Amino acid sequence: MKLDLAIIGGTGLYDFPGLEKVEKRVVETPYGLASDAVTLGELGGKRVAFLARHASGHSIPPHRINYRANVWALHSLGAPRALGINAVGGIRADLGPRVLAVPDQIIDYTHGRITSFCDAEGAKVEHVDFTEPYSASLRADVLAAAKRAGIAVVDGGCYGATQGPRLETCAEIARMRRDGCDLVGMTGMPEAALARELKMDYACVALVANWAAGCPLGDAAPEISLPEIFAHLQAATANIPPLLSALLA
Ligand code: HPA
């Protein structure tokens, strides 16, 4: 089956409104089950797959997501490109709550996750190029779609992937800032690297839900409140259906 695009929805995005001819598919992979049934459907005449990364009831925390099964499932359904939608905290001064960004770099601080399909004994070891972790063409298409749809999106930024599920300390975010991170999230890796191993085009739309710990610099660091996070995330997520419609038009 030919698909045009896979969407991996993050916190706050558990389905893809507006899809037509919808069919749910439970996908078995050599790595086990994907987080949830994959929703297949059409939008603007294009075939789309949608997968909720944390499952529909948000029951799977970031460090327990079966990233390999998710990426494999979407690849096996025939998706040549995948767009990850990820809630993040904002580190850089212009990346405050409700901002949308399309990052162009990654630093991976996660640990204990299975980060590669080259994991089984006897499997062929491949060292994929990850100089540019996101697909330039999919990033450009997302940015162009946002422009057409009149949705403000920040072009670029370094996504720092942390282990979670707890949020970070001020010192951890200060270190990440020194490292060059602009955004912090818990699910961007190993998803991006696994997509690269399968030669899928992959990009990320990061939705800023909160200031990261101790940000913005210069203000008294507020504690991060969950109701606030969800309100910001809901507002930012409202941009995703029109963005995807423009992307698939
Ligand atoms: N840190 C890590 N992940 C996140 C954050 C954060 O502050 N906000 C949303 N996802």
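Here's a quick rundown of the structure. This is a predicted model, so every value here is computed, not measured.

### Describing the side chain of Asn-70
Within the element layout of this structure, Asn-70 appears in helix α1 (residues 67–76). Its relative accessible area of 0% is what places Asn-70 among the buried residues. The residues touching Asn-70, leaving out its near neighbours within four places in the chain, are Ala-34, Ser-35, Leu-51, Arg-53 and Ile-65.

### Quick notes on the site of the ligand
The environment of the ligand is formed by Ala-87, Val-88, Gly-89, Leu-167, Glu-168, Val-184, Gly-185, Met-186 and Asn-210. One of the side-chain nitrogen or oxygen atoms of Asn-210 is found 2.6 Å away from a nitrogen atom of the ligand. Contact with the protein chains hides 93% of the accessible area of the ligand, taken as 260 Å² for the molecule alone. Taken together, the elements giving at least two residues each to the shell around the ligand come down to β7 (81–90) and β12 (183–185). Residue composition of the shell around the ligand, by class: five nonpolar, three polar and one charged.

### Structural notes on the pairing of strand β11 (residues 158–161)
Residues Cys-158 and Gly-160 point to one face of β11 and Tyr-159 and Ala-161 to the other, with burial holding for every one of them. Examined bridge by bridge, β11 and β12 share three bridges and lie parallel to one another. Paired with Ala-161 across the strands is Gly-185, a residue of β12. Following the chain from β11 across helix α3 (residues 170–179) to the adjacent parallel β12, one finds a crossover that is right-handed.

### Some words on the packing of aromatic side chains
All told, the structure shown has five aromatic pairs when counted by the stated rule. Arranged with centres 6.3 Å apart and planes meeting at 65 degrees, the rings of Phe-16 and Phe-50 form a pair that is edge-to-face. Of the two residues, Phe-16 sits in the loop between β1 (5–9) and β2 (20–25) while Phe-50 sits in strand β6 (residues 46–52), which places them 34 residues apart along the sequence. Each member of the pair, Phe-16 together with Phe-50, is buried. An aromatic cluster of three or more residues is present, and its members are Tyr-31, Trp-72 and Phe-117.

### Thoughts on the nonpolar core
Grouped together as the largest cluster of nonpolar side chains are 40 residues, with contacts concentrated most on Val-38, Leu-74 and Met-200. Within the residue set of this core, elements represented by two or more residues are β1, β5 (38–43), β6, α1, β7, β11, α4 (191–197) and β13 (201–211). With residues up to four places along the chain from it excluded, the contact list for Met-200 reads Val-71, Leu-74, His-75, Ala-79, Pro-80, Arg-81, Ala-82 and Ala-195. Core analysis: the second largest hydrophobic core is formed by 32 residues, Leu-13, Val-205, Leu-244 and Leu-248 among them.

### Comments concerning the pattern of salt bridges
Once the charged atoms of two side chains with opposite charge are near each other, the side chains can pair. Taken as a whole, this structure holds nine salt bridges when the rule is applied. Across the pair Asp-4 and Lys-2 runs a salt bridge whose closest N-O atoms are separated by 3.2 Å. The exposure class of Asp-4 is partly exposed, given its relative accessible area of 22%. Its relative accessible area of 60% is what places Lys-2 among the exposed residues. The salt bridge partner of Arg-92 is Asp-94, with a shortest N-O separation of 2.7 Å.

### Some words on helix α5 (residues 226–237)
Given 3.6 residues per turn, any residue in an α-helix points the same way as the ones three and four places further on. Helix length check: α5 (twelve residues) gives 16 Å between terminal C-alpha atoms against 16 Å at 1.5 Å per residue, within 8%. Considered for burial, the residues of α5 that qualify are Ile-229, His-232, Leu-233, Ala-236 and Thr-237. Along α5, the residues classed as buried sweep out an arc of 130 degrees about the axis, all on the same side. Along α5, the residues that are exposed and aim more than 90 degrees away from the buried face are Pro-227 and Gln-234. Where α5 is buried, its residues touch β7, β8 (100–102), β13 and α6 (240–248).

### Some points on the side chain of Asn-86
Position of Asn-86 among the secondary structure elements: in strand β7. On the accessibility criterion, Asn-86 (0% relative accessible area) is buried. Once you skip the residues sitting within four places of it in the chain, Asn-86 turns out to touch Arg-53, Tyr-159, Thr-187, Gly-188, Tyr-202, Cys-204, Val-205, Ala-206 and Leu-207.

The rules behind these values
- Residues numbered from 1 in each chain as written.
- Predicted model: local features only at pLDDT ≥ 70, side-chain atom pairs only at ≥ 80, totals over all residues.
- Heavy atoms only, no water.
- Helix = DSSP H or I, 4+ residues; strand = E, 2+ residues; numbered from the N terminus.
- Buried < 20%, exposed > 50% of the residue type's maximum accessible area, 1.4 Å probe, protein only.
- Contact = heavy atoms within 4.5 Å.
- Near = heavy atom within 4 Å.
- Polar contact = N/O pair within 3.5 Å; in protein donor to acceptor, adjacent residues only side chain to side chain.
- Areas by Shrake-Rupley, 256 points an atom, 1.4 Å probe, with all protein chains shown as cover.
- Nonpolar A, V, L, I, M, F, W, Y, C, P; charged D, E, K, R; others polar.
- Pairing = 2+ DSSP bridges.
- Right-handed = clockwise from strand over helix to strand, strands pointing away.
- Phe/Tyr/Trp six-rings, centres within 6.5 Å; stacked < 30°, edge-to-face > 60°.
- Core = buried A, V, L, I, M, F, W, Y, C linked by side-chain atoms within 4.5 Å.
- Salt bridge = Lys/Arg side-chain N within 4 Å of Asp/Glu carboxyl O.
- Expected span 1.5 Å × (residues − 1).
- Arc of directions from axis to C-beta.

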